[in-house]
Amino acid sequence: FSDFGFEILRWFHLVLFPGFLFSFGFLGGVIGLVIYTKKAGINFLKFADIFVFGLAFAQFIGQIGNFLAGGGVGKVTNLPWGVALLGFVGKRHPLALYEALVAIVLFFVLLRLNKWKINTRWQVAAGKTRINPEGISFLTYLAFWGFFSFFLDFLRQERLFWQGSQTSQNFPINQILPLLLFLPAIFIIYFRLGRRPKEDLLRLVGFFQGLRRRSHG
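Overview of the structure.

## With respect to the overall build of the protein
For step 1, the next point in the chain: For the protein, the helix and strand inventory stands at 7 helices and 3 strands.
For step 2, the next point in the chain: Each helix and strand of the protein, placed in order from N terminus to C terminus, yields the pattern α-α-α-β-β-β-α-α-α-α.
For step 3, the next point in the chain: Evaluated residue by residue, the protein yields a buried proportion of 35% over its 217 residues.
For step 4, the next point in the chain: Nonlocal contacts in the protein, meaning residues at least 24 apart in sequence, comprise 58% of its contacts between residues at least 6 apart.
For step 5, the next point in the chain: Here the protein displays about 13,900 Å² of accessible surface, and carbon together with sulfur accounts for 69% of that area.

## A look at the pattern of salt bridges
For step 1, the next point in the chain: On inspection of all chains with the given rule, the structure shows 3 salt bridges.
For step 2, the next point in the chain: Where Glu 99 meets Arg 156, a salt bridge forms, and the shortest distance between an N and an O atom there is 3.0 Å. Of this pair, Glu 99 sits in helix α4 (residues 95-125) while Arg 156 sits in the loop between α5 (136-152) and α6 (176-192); the two residues are 57 residues apart in sequence, bridging distant segments of the chain.
For step 3, the next point in the chain: Linked through salt bridges whose partners overlap, the residues forming this network are Glu 99, Asp 153 and Arg 156.

## Description of α6
For step 1, the next point in the chain: For α6, built from 17 residues, the straight-helix expectation of 24 Å at 1.5 Å per residue is met to within 8% by its first-to-last C-alpha distance of 25 Å.
For step 2, the next point in the chain: Burial in α6 covers these residues: Leu 177, Pro 178, Leu 181, Ala 185, Ile 189 and Arg 192. Down the axis of α6, the buried set is contained in an arc of 95°. They therefore lie on one face. Set apart from the buried face of α6 by more than 90 degrees, the exposed residues are Leu 180, Leu 183 and Phe 187.

## Quick word on the pairing of strand β3 (residues 91-94)
For step 1, the next point in the chain: Relative to β3, strand β1 (residues 73-76) runs antiparallel, the two sharing 2 bridges. The partner of Val 73 across the bridge, within β3, is Pro 94.
For step 2, the next point in the chain: Inspection of the sheet shows strand β2 (residues 83-84) paired to β3 by 2 bridges, in the antiparallel sense. Each residue of the ladder has a partner; that of Val 83, found in β3, is Arg 92.
For step 3, the next point in the chain: Counted along the chain from β2 to the antiparallel partner β3, the turn is 6 residues long, and its residue Gly 87 has a positive phi close to 90°.

## Some words on the packing of aromatic side chains
For step 1, the next point in the chain: All told, the structure shown has 15 aromatic pairs when counted by the stated rule.
For step 2, the next point in the chain: Within the aromatic cluster, the residues linked to one another by ring pairs are Phe 144, Phe 147, Phe 148, Phe 150, Phe 151, Phe 154 and Phe 182.

## Describing the sheet that holds β3
For step 1, the next point in the chain: Here we have 3 strands laid out as an open sheet, ordered β1-β3-β2, and antiparallel in their pairing. Two strands close off the open sheet at either side, each with one partner strand: β1 and β2.

## Some remarks on the nonpolar core
For step 1, the next point in the chain: Formed by 27 residues in total, the largest nonpolar core has its most connected members in Phe 26, Leu 106, Leu 110, Tyr 141, Leu 142 and Trp 145.
For step 2, the next point in the chain: Residue assignment for this core shows that the elements contributing at least two residues are α2 (21-40), α3 (44-68), α4, α5 and α6.
For step 3, the next point in the chain: Excluding its chain neighbours within four sequence positions, the residues that come into contact with Leu 142 are Phe 26, Leu 181, Phe 182 and Ala 185.

## Overview of a nonpolar patch on the surface
For step 1, the next point in the chain: There is a patch of nonpolar side chains on the surface, built from Leu 201, Leu 204, Val 205, Phe 207, Phe 208 and Leu 211 and spanning about 570 Å² of accessible area.
For step 2, the next point in the chain: Considering the arrangement of structural elements, one finds Val 205 in helix α7 (residues 197-216).
For step 3, the next point in the chain: The exposure class assigned to Val 205 is partly exposed, which follows from its relative accessible area of 38%.

## With respect to the environment of Leu 183
For step 1, the next point in the chain: One can find Leu 183 in helix α6.
For step 2, the next point in the chain: A C-alpha to C-alpha distance of 8.6 Å links Leu 183 and Gly 146, two positions 37 residues apart in sequence.

Rules used throughout
Residues numbered from 1 in each chain as written. Predicted model: local features only at pLDDT ≥ 70, side-chain atom pairs only at ≥ 80, totals over all residues. Heavy atoms only, no water. Helix = DSSP H or I, 4+ residues; strand = E, 2+ residues; numbered from the N terminus. Buried < 20%, exposed > 50% of the residue type's maximum accessible area, 1.4 Å probe, protein only. Contact = heavy atoms within 4.5 Å. Areas by Shrake-Rupley, 256 points an atom, 1.4 Å probe, with all protein chains shown as cover. Salt bridge = Lys/Arg side-chain N within 4 Å of Asp/Glu carboxyl O. Expected span 1.5 Å × (residues − 1). Arc of directions from axis to C-beta. Pairing = 2+ DSSP bridges. Phe/Tyr/Trp six-rings, centres within 6.5 Å; stacked < 30°, edge-to-face > 60°. Core = buried A, V, L, I, M, F, W, Y, C linked by side-chain atoms within 4.5 Å. Patch = residues over 30% accessible without salt bridge, like charges linked within 9 Å, V, L, I, M, F, W, Y side chains within 5 Å.

In structure tokens form, the structure reads like this:
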């Protein structure tokens, strides 16, 4: 905050204060997608379910290019797959390759999920399930990418903090968006899968009661 203050325009000074590129790019893309689908009369969730396939694969290709260009610098490591990068001392975590791996795994998870959605739609049409599959792929992307991005940021060499210093009182800026993606996405997925908190709570209580009876038996 000492770097940015209340000067709003400095918040968007991506050259002097880099690190927001993916965050702002992603949020801008989602906002643009919402506006486009609304104007075109297209269901946003259906469109987003298709859009994330290309996004995940594009991230895979982009991170490979980032690695080859010497970007995505991680912290120093003694692990055998550490890489030497020009301008940096010691072997580093190949952060760009980690993110590329997450992206390609996510791509295949989405492919698998799409097959499940196709098999589920007829059950929805017949009224045999409470599951609402629309938007599941998009939400899975948010949850999956948010989860891994949060933890991968711990391995990043350059991290942005709200007050410009790496102290326990400050929270890395690049970990805020992943949390904002992961937590709501998991919550919404839970309900779109037809889950009911009261029923699940009763099942959980019954499970632990069964374990307790077995331990005393």
